[in-house]
Amino acid sequence: MDEKLLNTVYNSESFRNQGHTLIDLLANHLEKSLSGSSQKTMNWKNPEDELGLWKVFLEQGNLSDFFPQILERTIHTHNPKYVGHQVAAPAPIGALTGMIGSILNNGMAVYEMGMAPTAMERIVCDLLGERIGYDKNSRGILTSGGTLANLTALLSARKAMVDSDVWNNGLTHKLGIMVSEEAHYCVDRAAKIMGLGEVGIIKVPVTGTYTIDVEKLEPYYQEAKKNGIEVFAIVGSAPSTATGIYDDLEAIGQFAEKHNLWFHVDGAHGGAAIFSKKYEHLLNGIESSDSVVIDGHKMMMMPTITTALIYKEGKHSHTTFTQKADYLLTHTDEEDWYNGGKRTFECTKSMMSLHWYIMLKLYGEEVFDQNVTTLYDLAMEFEQLLKKDNHFELAFEPQSNILCFRYLDAGLNLEELNSINQAIRQELLEDGEFYLVQTKLRGVHYLRTTLMNPFTTTKHLSQLLEKIKSVAEKLLAKQLSQ
Ligand SMILES: Cc1ncc(COP(=O)(O)O)c(C=O)c1O
């Protein structure tokens with residue numbers, strides 16, 4: 001055994017030197033990416049080639065190539081031509097808070113394993129509760145992602161609304177939740193994990209504009225009741241993932257109140273609009289909800305992964321994972337808000353509150369307003385560009401920074417258009433200059449952009465449209481020649 005190995009691992013001078021080199025590399029990367037001077041957003045490789053390369057690298061690779069190779073072989077969210085998925089181009093300060101979290105490694109489950117970040121978590125969650133419109137009874141937690149946060153919220157909802165003790169005794173009768181058919185798949189997954197089964201996920205259709213059809217809430221609820229299902233919660237999407245369209249939270253709130261349902265808002269993507277003076281109206285009604293999820297790593301410029309789950313009534317955040325008997329804190333009990341592990345799914349979690357706190361400390365709430373407003377405004381400008389060009393068709397009028405559109409050619413039928421749009425997306429992926437994604441809505445294949453980078457401009461978006469047209473022309477010419 002090499003007895004010196006562990007000393008080498010923890011050598012502080014190596015850490016200092018490697019750290020300085022890495023920060024220089026990343027600062028250069030950032031400068032190049034943000035300026036858009038890099039030719040590519042990604043350098044696409046197929047999975048098998050990538051796997052092979054890293055297998056060889058483990059045995060033979062030159063250590064000094066390690067970090068540069070990672071940069072070479074990952075997607076660059078800071079490139080303004082990154083217009084794909086919903087993860088942020090993170091504010092660089094988040095890399096530093098991530099670093100301090102990684103070296104200190106306070107596990108956060110109990111207060112003493114993360115005193116400072118625990119206090120910061122309380123401050124951040126209280127602020128979010130206030131901005132949502134909750135009162136001082138509100139409490140929240142930070143947790144590892146919107147998926148886990150939505151599951152946690154639904155577990156809290158079941159605990160609060162269902163009389164039988166499902167946590168201890170399991171399901172004794174059919175339970176259900178109502179949600180838009182366009183909701184993120186993680187809501188469906190959460191319901192399945194909770195044992196509700198397919199019948200327990202009452203999927204309410206959307207209107208022609210992809211928002212939950214509030215006229216259908218009552219009949220779908222009554223139908224579920226007739227089938228012996230006790231509906232205990234309803235989820236509003238703010239917005240839904242594929243389309244970026246917000247549900248009518250006011251109407252859902254009124255419906256939830258009428259039937260005494262838990263009202264949960266999945267604002268993983270667009271809950272951050274509570275900070276935008278221009279777009280906060282999209283969230284009208286959010287204050288009547290019982291819980292809200294907001295991802296820090298989407299519209300709030302933080303690195304993955306950090307999500308806030310905020311409760312209107314803080315007591316519910318304390319009871320999700322406890323025995324029924326612990327439900328009510330007696331007057332003499334102190335509220336131990338500082339023992340996070342009792343309230344989160346995770347036992348150990350990262351010191352994620354540092355990301356939120358430092359953004360507030362350095363830049364203030366204004367930075368979230370600017371980010372959301374800039375990106376939503378840009379989407380409205382992109383909408384105008386698309387409307388002016390008869391080679392493109394929008395799937396719907398955007399409400400947020402998510403847009404779905406497709407390339408059109410009058411000579412092609414639906415099937416041919418679907419396959420050409422699919423082929424365009426694959427060509428763009430392999431080309432690597434721009435990164436965008438795709439989705440299918442009502443049988444129609446669309447290209448999908450989420451404008452996540454505040455340095456993307458209409459000039460970049462015009463270039464994207466020109467590129468799509470030239471790719472399409474090449475593909476069509478190839479088809480004709482075959
Ligand atoms: C509306 C919505 N909910 C939940 C999620 C899942 O969040 P996460 O990726 O943080 O688990 C997403 C992700 O895109 C989303 O858009």
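Computed from a predicted model, the values in this text were never measured in an experiment.

Criteria and cut-off values
Residues numbered from 1 in each chain as written. Predicted model: local features only at pLDDT ≥ 70, side-chain atom pairs only at ≥ 80, totals over all residues. Heavy atoms only, no water. Helix = DSSP H or I, 4+ residues; strand = E, 2+ residues; numbered from the N terminus. Rg over C-alpha atoms; globule rule 2.2 N^0.38 Å. Buried < 20%, exposed > 50% of the residue type's maximum accessible area, 1.4 Å probe, protein only. Contact = heavy atoms within 4.5 Å. Areas by Shrake-Rupley, 256 points an atom, 1.4 Å probe, with all protein chains shown as cover. Lys, Arg positive; Asp, Glu negative; His and termini not counted. Charge placed at Lys NZ, Arg CZ, Asp CG, Glu CD. Pairing = 2+ DSSP bridges. Axes fitted to C-alpha atoms, helices over the stretch in contact; angles between N-to-C directions. Domains from an automatic or database assignment. Buried area = accessible area lost by both parts, 1.4 Å probe. Salt bridge = Lys/Arg side-chain N within 4 Å of Asp/Glu carboxyl O. Polar contact = N/O pair within 3.5 Å; in protein donor to acceptor, adjacent residues only side chain to side chain. Nonpolar A, V, L, I, M, F, W, Y, C, P; charged D, E, K, R; others polar. Near = heavy atom within 4 Å. Right-handed = clockwise from strand over helix to strand, strands pointing away. Core = buried A, V, L, I, M, F, W, Y, C linked by side-chain atoms within 4.5 Å.

## Structural notes on the overall build of the protein
(1) Moving on: Counting its regular elements, the protein contains 16 helices and eleven strands.
(2) Moving on: By the compact-globule yardstick of 23 Å for 482 residues, the protein fits well, its C-alpha radius of gyration being 24 Å.
(3) Moving on: The buried share of the protein, reckoned over its 482 residues, is 51%.
(4) Moving on: Nonlocal contacts in the protein, meaning residues at least 24 apart in sequence, comprise 73% of its contacts between residues at least 6 apart.
(5) Moving on: Entry remark: accessible area of the protein is about 23200 Å², with carbon and sulfur atoms responsible for 54%.
(6) Moving on: Computing the positive centroid from 44 side-chain charges and the negative centroid from 61, the protein places the two 1 Å apart.

## Observations concerning the sheet that holds strand β3 (residues 201–204)
(1) Moving on: If you trace the seven strands from one edge of the open sheet to the other, you get β1-β7-β6-β5-β4-β2-β3, paired in mixed fashion. Each having just a single partner strand, β1 (139–143) and β3 make up the two edges of the open sheet. Neighbour to neighbour, the strand axes of the sheet diverge by 20° on average, direction disregarded.
(2) Moving on: Here three bridges tie strand β5 (residues 262–266) to strand β6 (residues 291–295), and the two strands are oriented parallel to one another. Residue pairing in the sheet places histidine 264 in a bridge with serine 291 of β6.

## Quick look at the pairing of β6
Along any regular strand the residues' side chains alternate between the sheet's two faces.
(1) Moving on: With five of its five residues buried, β6 lies for the most part within the structure.
(2) Moving on: In β6, alternate side chains face the same way, and those of Ser291, Val293 and Asp295 on one face and Val292 and Ile294 on the other are all buried.
(3) Moving on: As paired elements, β6 and strand β7 (residues 307–311) share five bridges and run antiparallel to each other. Counterpart to aspartate 295 in the pairing with β7 is threonine 307.

## Focus on helix α9 (residues 185–193)
Because each turn of an α-helix spans 3.6 residues, side chains separated by three or four positions end up pointing in the same direction.
(1) Moving on: Among the residues of α9, Cys186, Val187, Asp188, Ala190 and Ala191 are the ones counted as buried.
(2) Moving on: Glycine 195 sits one or two positions beyond α9 and adopts a positive phi of about 80°.

## Brief notes about the domain arrangement of the protein
(1) Moving on: Parsing the protein into structural domains produces domain 1 (12–41 + 76–92 + 365–482) and domain 2 (106–364).
(2) Moving on: Here the C-alpha centre of domain 2 lies 30 Å away from the C-alpha centre of domain 1.
(3) Moving on: In this complex, domain 1 contributes 31 residues to the contact, which on the side of domain 2 involves 37 residues.
(4) Moving on: Buried area between domain 1 and domain 2, both sides added, is near 3000 Å², and the carbon and sulfur share of it is 60%.
(5) Moving on: When the buried area of domain 1 at its contact with domain 2 is split by residue, Glu365, Phe368 and Gln399 rank highest and sum to 24% of it.
(6) Moving on: Where glutamate 365 meets arginine 131, a salt bridge forms, and the shortest distance between an N and an O atom there is 2.6 Å.
(7) Moving on: There are 18 residue pairs in polar contact (both at pLDDT 80 or more) connecting domain 1 and domain 2.
(8) Moving on: Going through the elements one at a time, α14 (366–388), β9 (402–407), β10 (437–441) and β11 (444–450) are the ones with two or more residues in the side of domain 1 that touches domain 2.
(9) Moving on: Per-element tally for the side of domain 1 that touches domain 2: the top contributor is α14, with eleven residues.
(10) Moving on: Residues belonging to the side of domain 1 that touches domain 2 are distributed by class as follows: 16 nonpolar, eight polar and seven charged.

## A closer look at the pattern of salt bridges
(1) Moving on: Evaluated as defined, the whole model comprises 26 salt bridges.
(2) Moving on: For arginine 16, the salt bridge identified is with glutamate 13, shortest N-O distance 3.0 Å. Highlighted residues: arginine 16 and glutamate 13, both in helix α2 (residues 12–35), separated by three residues, approximately one helical turn.
(3) Moving on: Exposure remark for arginine 16: the relative accessible area of 45% places this residue in the partly exposed category.
(4) Moving on: A salt bridge links lysine 192 to aspartate 188; the nearest nitrogen and oxygen atoms lie 3.1 Å apart.

## Quick word on the site of the ligand
(1) Moving on: Among the 14 residues in the neighbourhood of the ligand, the closest are listed as Gly146, Thr147, Thr241, Asp266 and Asp295.
(2) Moving on: Between glycine 146 and the ligand, the recorded distance is 2.8 Å, taken from a backbone N or O atom to an oxygen atom.
(3) Moving on: Between the ligand and lysine 298 there is a distance of 3.2 Å, counted from an oxygen atom to a side-chain nitrogen or oxygen.
(4) Moving on: Top element by residues in the shell around the ligand is helix α7 (residues 146–161). It accounts for three residues.
(5) Moving on: Split by residue class, the shell around the ligand holds three nonpolar, eight polar and three charged.

## Considerations on the pairing of β3
(1) Moving on: Pairing geometry for strand β2 (residues 175–180) and β3, over four bridges, is parallel. Across the sheet, serine 180 pairs through a bridge with valine 204, a residue of β3.
(2) Moving on: The parallel pair β2 and β3 is bridged by α9, and the resulting crossover is right-handed.

## Re the nonpolar core
(1) Moving on: Within the largest apolar cluster, 58 residues are counted, with the highest numbers of intra-cluster contacts made by Leu128, Met178 and Ile234.
(2) Moving on: Split by domain, the residues of this core number at least three in each of domain 1 (12–41 + 76–92 + 365–482) and domain 2 (106–364).
(3) Moving on: Aside from chain neighbours lying at most four places away, what touches methionine 178 is Ile202, Val204, Leu217, Tyr220, Tyr221, Val231, Ala233, Ile234, Val235 and Phe255.
(4) Moving on: One finds Ala153, Val162, Val179 and Met194 within the second-largest nonpolar core, a separate group that totals 28 residues.

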